[in-house]
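# Architecture and fold: a report
For reference, the chains in residue letters:
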Amino acid sequence: MDTPQKPPPRSPAISGSYALARSIARFWLRKAVGKIRLLRGDTLPPTGPALLILNGPPNFLQAAAVAASVERPVRCVLPEEECRGFAQRWLAARLGMIVHGPDPPSQVAATAAARGALRNREAVAIFAAPEIARSEALSPSCLSIAKLVVEVESGRAGGPGTVIVPLHVLNSFGSTPAREMLMTAGEPLVARGFLGGTSG
């Protein structure tokens, strides 16, 4: 007798406010950018703690595009200066973005919020490249993000099931909006494997 196949895991339930904000973000992005395509989106885990790492500096447009194109809810970590005006701040709040200020306490709070989201088996997106600054020293947000990544890689922040997913944005934005935004997801990497499975 054949063993019944387990159904594939479903994405976490999406709240009404998140669904509304995502619909608004999709409409706004179509006007601002045009078509948005996420290649290899099926490599993103539908459930469980996941850390998405974007290959660029913090950018509200890209953060909104991630929330609009990924099936499951994603909480993007973003500096408050990237949320310009009431509309972007409203969208950021409804999409669950973790918005932080430039001061160290705010950076620490954002890192703690991201760590808590991973423990709750949510998906978190961060930007790998630092903010453009006059000083060559790492900004507090870069240090906080680096600390979070190290903790996830060592299996402490999100638990043993946490995966890290590279998310590459294949075009950049200048003064003229692009007609298409293209993103591609890399292969998920089990976080604990980075440091040989040690928990520290």
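Up top is the structure these notes are about.
### Focus: the overall build of the protein chain
- In terms of helices and strands, the protein chain carries five helices and eight strands.
- Reading the protein chain from its N end, one meets helices and strands in the order α-β-β-α-β-α-β-α-β-α-β-β-β.
- Scored against the burial criterion, the 200 residues of the protein chain give a buried share of 42%.
- Considering only residue pairs separated by 6 or more positions, the protein chain has 72% of its internal contacts joining residues 24 or more positions apart.
- Just so you have it, the protein chain exposes about 10,800 Å², and 58% of that area is on carbon and sulfur atoms.

### Some points on the environment of Leu-52
- Topologically, Leu-52 is positioned in strand 2 (residues 50-54).
- C-alpha separation for the pair Leu-52 and Ile-164, spaced 112 residues apart in sequence, amounts to 6.0 Å.

### Side note on the nonpolar core
- Judged by nonpolar contacts, the single largest core of 36 residues is most densely connected at Leu-52, Phe-60, Val-66, Val-74 and Met-97.
- Broken down by secondary-structure element, the contributors of at least two residues to this core are helix 1 (16-32), strand 2, helix 2 (60-69), strand 3 (74-79), helix 3 (85-94), strand 5 (123-127), strand 6 (163-169) and strand 7 (180-185).
- Top contributing element to this core by residue count: helix 2, with eight residues.
- Membership of the second largest hydrophobic core comes to nine residues, among which are Leu-51, Ile-98, Ala-114 and Ala-117.

### Considering empty space enclosed by the protein
- The tally for this structure, following the rule as stated, stands at two cavities of 30 Å³ or more.
- Forming the boundary of the second largest cavity are Leu-44, Pro-45, Ala-50, Leu-52, Val-70, Arg-72, Val-74 and Ala-123.
- Here the lining of the second largest cavity is composed, by residue class, of seven nonpolar, no polar and one charged.

How each quantity is defined
Residues numbered from 1 in each chain as written. Predicted model: local features only at pLDDT ≥ 70, side-chain atom pairs only at ≥ 80, totals over all residues. Heavy atoms only, no water. Helix = DSSP H or I, 4+ residues; strand = E, 2+ residues; numbered from the N terminus. Buried < 20%, exposed > 50% of the residue type's maximum accessible area, 1.4 Å probe, protein only. Contact = heavy atoms within 4.5 Å. Areas by Shrake-Rupley, 256 points an atom, 1.4 Å probe, with all protein chains shown as cover. Core = buried A, V, L, I, M, F, W, Y, C linked by side-chain atoms within 4.5 Å. 1 Å grid on protein atoms, 1.4 Å probe; cavity = no way out; pocket = protein on both sides within 12 Å on 5 of 7 lines; lining within 4 Å. Points joined across faces, edges and corners; volume = space filled by probe spheres on them. Nonpolar A, V, L, I, M, F, W, Y, C, P; charged D, E, K, R; others polar.

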